[in-house]
Every structure is written in C-alpha cells, then in structure tokens.
Amino acid sequence: PDCNYEQSDGKVLPQRIVHGAKVDVQDPRSMITDEGGQYANFMGMMLVPAMRYFEETKDPIAAELVTKFCRTVMDLMPNFAQRISHTHSGLAMISGAFMAGKAFGIPEFRDWAEAAYQDFVSRDYIPDFGWTPENTGRHRKKGFLSCETCTTVDYLELTIQLAQNRKEEYWDRAERIAMNQ
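Bear in mind that the values here come from a model prediction, so they are computed numbers and not experimental data.

### A short note on the overall build of the chain
Helix and strand counts for the chain come out as 8 helices and 2 strands. Taking as baseline every contact in the chain between residues at least 6 positions apart, the subset at least 24 positions apart corresponds to 60%. Of the roughly 10,700 Å² of accessible surface on the chain, a fraction of 53% belongs to carbon and sulfur atoms.

### Considerations on the packing of aromatic side chains
In the structure shown here, the tally under the stated rule is 3 aromatic pairs. Relative to F104, the ring of F54 has its centre 4.8 Å away and its plane inclined at 65 degrees; by these criteria the two rings are edge-to-face. Of this pair, F54 sits in helix α3 (residues 47-57) while F104 is found in helix α5 (residues 87-104), placing the two residues 50 residues apart along the sequence. Taking relative accessible area as the criterion, F104 reaches 22% and is therefore assigned partly exposed.

### A look at the pattern of salt bridges
In a structure, side chains of opposite charge can pair up when their charged atoms sit close to one another. Counted under the stated rule, the structure contains 7 salt bridges. As a salt-bridge pair, E157 and R52 come within 2.6 Å of each other at their nearest N and O atoms. One end of the pair, E157, is in helix α7 (residues 149-165); the other, R52, is in helix α3, with 105 residues separating them in the sequence. The exposure class assigned to E157 is partly exposed, which follows from its relative accessible area of 23%. Judged by relative accessible area, which is 43%, R52 ranks as partly exposed. One salt-bridge network, held together by shared partners, links D111, E114, R166 and K167.

### Some words on the side chain of Q161
Mapping Q161 onto the fold places it in helix α7. By relative accessible area, Q161 is classed as buried at 9%.

### Overview of the environment of M74
Residue placement: M74 occurs in helix α4 (residues 60-76). Under the relative-accessibility criterion, M74 is labelled buried at 9%. Considered as a pair, M74 and A97 are 23 residues apart in the sequence and their alpha carbons are 9.5 Å apart. Leaving out residues up to four positions away in the same chain, M74 has contacts with E108, F109 and W112.

### Observations concerning α7
An ideal rise of 1.5 Å per residue puts 24 Å on 17 residues; α7 measures up with 24 Å between its terminal C-alpha atoms. If you follow the buried residues of α7, they end up packed against α5, α6 (107-121) and α8 (170-179).

### What to know about the packing of α6 against α7
Where α6 meets α7, the closest approach of the two axes is 11 Å, and the angle between their N-to-C directions is 130 degrees. Our classification of the angle between α6 and α7 gives oblique. The hand of the α6/α7 crossing is left-handed. For the pair formed by α6 and α7, the contact residues are E114, Y117 and V121 on the first element and Y155, L158, T159 and L162 on the second.

### A few points about the side chain of T67
Relative to the helices and strands, T67 resides in helix α4. Ignoring any residue separated from it by four or fewer positions in sequence, one finds T67 in contact with F104, I106 and F109.

### Details of the confidence of the model for the chain
Predicted coordinates in areas of low pLDDT are best not read in detail. Averaged over every residue, the pLDDT of the chain is 77; residues scoring 70 or more account for 69%. Considering each helix and strand of the chain separately, the mean pLDDT is smallest for helix α1 (residues 15-19), with a value of 53, and largest for α3, with 92. In this model residues 30-37 is a low-confidence stretch, pLDDT under 50, and it forms 17 contacts with partners more than four residues away in sequence or in other chains.

### Some points on the nonpolar core
Counting 39 residues, the largest nonpolar core has C70, F80, M93, I94 and W112 as the members making the most contacts within it. Sorting the residues of this core by element identifies α3, α4, α5, α6, α7 and α8 as the ones contributing at least two each. Ranked by residue count, the leading element in this core is α4, at 8 residues. Ignoring sequence-local partners within four residues, the contact set of C70 consists of L47, M93, A97, A100 and F109.

Thresholds, definitions, all that
- Residues numbered from 1 in each chain as written.
- Predicted model: local features only at pLDDT ≥ 70, side-chain atom pairs only at ≥ 80, totals over all residues.
- Heavy atoms only, no water.
- Helix = DSSP H or I, 4+ residues; strand = E, 2+ residues; numbered from the N terminus.
- Contact = heavy atoms within 4.5 Å.
- Areas by Shrake-Rupley, 256 points an atom, 1.4 Å probe, with all protein chains shown as cover.
- Phe/Tyr/Trp six-rings, centres within 6.5 Å; stacked < 30°, edge-to-face > 60°.
- Buried < 20%, exposed > 50% of the residue type's maximum accessible area, 1.4 Å probe, protein only.
- Salt bridge = Lys/Arg side-chain N within 4 Å of Asp/Glu carboxyl O.
- Expected span 1.5 Å × (residues − 1).
- Axes fitted to C-alpha atoms, helices over the stretch in contact; angles between N-to-C directions.
- Parallel < 35°, antiparallel > 145°, perpendicular 65-115°, else oblique.
- Left-handed = near helix turned anticlockwise from the far one by under 90°.
- pLDDT = per-residue confidence, 0-100.
- Core = buried A, V, L, I, M, F, W, Y, C linked by side-chain atoms within 4.5 Å.

Laid out in structure tokens, this is it:
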C-alpha cells in the first residue's frame, strides 16, 4: 500500500511508485475480495477531506487522486452499495464521489453516487427514522439496533448533498435523520 514512503531524486514518494507497481496490471480485479468492499470503503474515507482540500487549493494532484480513485471503484465494483459492510466509510466514499462529480463537472460520478445511495437506502437495515447501522454485515437481532453517530452524519451529509443538487424530495429524509439523531 501507499503507507510507506521514501526519498527519491529529492522528492518524497510512495514506495510503490519508486519500486514499481505491486498490483497485477493484467488482472486489476486481483485486489478485490469478497470482504464487503472493505478496502474501497476505508480508502474512500479520504475522498471528502481530499475534496475539501481541492476546493480550497485547486491542487491538481488532489483532483487526480480523487478522480482516479472514484473511477477505479466505479469500474471494478459496480455493486458497491450492495457490498458495504462498514457504513461510515462506505457512505463517506459515496459522498466523496458525489462531491467530486459536482466539483469536476463529471455527471457519471454524481449519477453513480445517487444510484449507490438509492441502493443503500432501499435495503431493510435503515429504519424510517433515519438511523443507520454501523455495520451491515452483522446479524440483526429483533428489537436491537446498533448505530454510529459518524455513520448517521455521513448519511445526513450525503442526503443533504442530494437534496441541494438533485431532488428536493431528499429534504424529507434529511429532516428525519436530523430530528432523530
């Protein structure tokens, strides 16, 4: 992964760039597992802060990072919303993709994010009052609902983005989320 860096030619670069790609380029799906899209989810957590950084600085490297990551997830994980396990990171990934689509004028990103959102909310683990489970992979128990505030904030932020930029009907869901937090 890109967590190890070293200096090369006066620059600090990820070791994977200095020493060559570690991904099987003949089979880009080789990095995808059946673990609920966890890797894409957790890496997707960087999208919202990266987009906020881009909006402040207009840094082209941030724009490239975000667009390449979004395209990778969209191309290699077409059923992303069906494979969300950790909802905080998954919803942040979807929210970041929507922000990128808006900032860079890429309708494909906005459409993908709205479709992923719709797929996510159509599942039976989101009650009408707007809370979300922290993890969709756990077995549900009758009368017991676990929720993380960070997940609810991601859910609310994405719903508000859709209400502001897509359809006003999303405001009803945003209000239910906010009133019951």
